[in-house]
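In case you want the letters, here they are:
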Amino acid sequence: MISFTSFGLGLLYGVTAVLSAQQRTCGTTISDLQILESQKHFSQHRRPQAAAVLRKVEPIDVYFHVIHRDRTLDGGFIPDAYINDQVRVLNEDYAPAGLSFNLKNVSRIENPTWFGWLGPYMETEMKRVNRQGGAAALNVYTVGFRSGSAAALLGYATFPYDYAANPLTDGIVMLYSSMPGGVTWPYNLGKTLTHETGHWLGLYHTFQGGCYGVGDQVDDTPAEASPAYGCPTGRDSCDEPGVDPIHNFMDYSDDSCLTEFTPGQITRLRDQIATYRKIVDAE
Ligand SMILES: *[C@@H]1O[C@H](CO)[C@@H](O)[C@H](O)[C@H]1NC(C)=O
Ligand SMILES: [Zn+2]
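Residues numbered from 1 in each chain as written. Chains lettered and ligands numbered in written order. Predicted model: local features only at pLDDT ≥ 70, side-chain atom pairs only at ≥ 80, totals over all residues. Heavy atoms only, no water.

(A) Expanded view of helix 3 (residues 80–94). Across its 15 residues, helix 3 extends 21 Å between first and last C-alpha, which sits within 8% of the 21 Å expected from 1.5 Å per residue. All of the buried residues in helix 3 are Y82, I83, Q86, V87, V89, L90, D93 and Y94. For helix 3, the arc enclosing every buried residue in end-on projection is 155°, short of the 170-degree limit, so these residues lie on one face. For helix 3, the elements touching its buried residues are strand 1 (60–68), strand 2 (101–110), strand 3 (138–143), strand 5 (172–175), helix 6 (191–200) and helix 7 (263–276). (Helix = DSSP H or I, 4+ residues; strand = E, 2+ residues; numbered from the N terminus. Expected span 1.5 Å × (residues − 1). Buried < 20%, exposed > 50% of the residue type's maximum accessible area, 1.4 Å probe, protein only. Arc of directions from axis to C-beta. Contact = heavy atoms within 4.5 Å.)

As C-alpha cells, this is what we get:
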C-alpha cells in the first residue's frame, strides 16, 4: 500500500515555497494521482455510516501531547486552559457533523529538539514513543515549528487511509500558539486543529487540484484555483459555477473567517471514518 502521509511529500517538497509569507501553511499535501488511487480503494471498500439521517457518532478520544522546550509559554509549555478551549472549539465545529471529542489525556514532554523542528526520523520517533490508542484515537502533538523546512507551518495531519500501513505515525502535529489564547494571529482561534482534524477524518483542501484537477472529491464545494487568504468575500477564482468556499474549514482563510463544512464533506468524513477508523454511529 502506498503511504499518503503528508510528511515526506508535503514538508520536504510542497511547502517550502510559501514559508517566508506570514500566511496559513498546512503541511498536509497530497497529489491528484494519490487522491485517485486512494479514492479507488475507498469506493471499493466504503462502509457508509448506518443511518440515512444524521446521527451522533461515538465520541472520539483525544490524546494531547504537549512537546515543550522548557517550562515557559514561549517554549510551548501551554496552560491546560488552551487545551480545554481547543477541545471546546473542536466540539463546536464538528457538532453539525454529529461528531464529538473527549479529552482523554494530556501528557507533557520536554524535548527541545522535537519542539523546534522534527526531521522525518525524529517525528516518527516522537509519535512512536508517545502515541496512544488505536485507529479511532486522535493524537495531537503540539510543537513550535521553529526551524528548518517546518518554520511557519501551522500543522499537518495523516489521512484515515494511511492508518493501515502506518499506524504509529497517525495523528496531527500542530503549532502550540495556534490554539485559542495563542499568539499566532490571525490563526489563533483554534481553527487550525479543526482544519487538520478535517484531514485526519478524510477531507482534502477545497483548492485541491485547482480549477481543473481532481478536486476534493466532494460535490458541493466549488473548485478553487488556489488557497484563499484573509477573508476575501465574493472571491470566484474558477469558471465553474459557485463562489470560492472561503468560509470552509478546509480552505486557508483567517480563523475568524472559517465557519463551516458542507453536507457533502460531512457525508464523506463520516464514511471515511466508518471505513478506515471504525468510528461508527453510536447506539
Ligand atoms: C496520561 O498519559 C501519560 C503518558 O502515557 C501517563 O503517564 C499518564 O498516567 C496518563 N494520565 C491519565 C490520567 O491517564
Ligand atoms: Zn490542510
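(B) Molecular detail of the sheet that holds strand 4 (residues 155–157). Pairing in this open sheet of five strands is mixed, and the strands run 2-1-3-5-4 from one edge to the other. Two strands in the sheet have a free side with no partner beyond their single neighbour: strand 2 and strand 4. For this sheet, the mean angle separating the axes of adjacent strands, direction not counted, is 20°. Across the sheet, helix 3 touches strand 1, strand 2, strand 3 and strand 5, and the angle it forms with strand 2 is around 145°. The sheet contacts of helix 6 involve strand 1, strand 2, strand 3, strand 4 and strand 5, and relative to strand 5 the element is tilted by about 165°. (Pairing = 2+ DSSP bridges. Axes fitted to C-alpha atoms, helices over the stretch in contact; angles between N-to-C directions.)

(C) A look at the coordination of the zinc ion (ligand 2). Only C26 (SG), H195 (NE2), H199 (NE2) and H205 (NE2) from the protein coordinate the zinc ion (ligand 2), and they sit 2.0 to 2.2 Å from it. In this structure, the zinc ion (ligand 2) is coordinated by four donor atoms arranged in tetrahedral fashion, with angles at the metal of 97 to 118°. Here the donor residues for the zinc ion (ligand 2) map to a single chain with the spacing C-x168-H-x3-H-x5-H. Remark: H199 and H195 occur in helix 6; sequence separation between them is four residues, near one turn of the helix. Judged by relative accessible area, which is 1%, H199 ranks as buried. (Donors = N, O, S within 2.8 Å, 3.2 Å for Na, K, Ca; no water. Tetrahedral: all angles 85-135°; square planar, octahedral: opposite > 155°, others 65-115°.)

(D) Looking closely at the state of the cysteines. Per the counting criterion, the structure on display carries two disulfides. C211 shares a disulfide with C238; S-S distance 2.0 Å. A torsion of -90° about the S-S bond marks the disulfide between C211 and C238 as left-handed. Placement of C211 in the loop between helix 6 and helix 7 and of C238 in the loop between helix 6 and helix 7 is noted, with a sequence separation of 27 residues between them. Classification of C238 as buried rests on a relative accessible area of 6%. Here the bonded cysteines of the protein chain are numbered in sequence order, and their pairing is 1-3, 2-4. (Disulfide = S-S within 2.5 Å.)

(E) Up close: the side chain of T262. As for its placement among the helices and strands, T262 is situated in the loop between helix 6 and helix 7. A relative accessible area of 11% means that T262 is categorised as buried. Among the polar contacts listed, one links the side chain of T262 to the side chain of D220, at a separation of 2.7 Å. Contacts of T262, omitting those with residues within four sequence positions, involve V218, D220, T221 and N248. (Polar contact = N/O pair within 3.5 Å; in protein donor to acceptor, adjacent residues only side chain to side chain.)

(F) Structural view of the confidence of the model for the protein chain. Mean pLDDT over the protein chain works out to 90, with 91% of the residues at or above the 70 mark. Across residues 1–21, confidence stays below pLDDT 50; counting only partners more than four residues off in sequence or on other chains, it has 55 contacts. (pLDDT = per-residue confidence, 0-100.)

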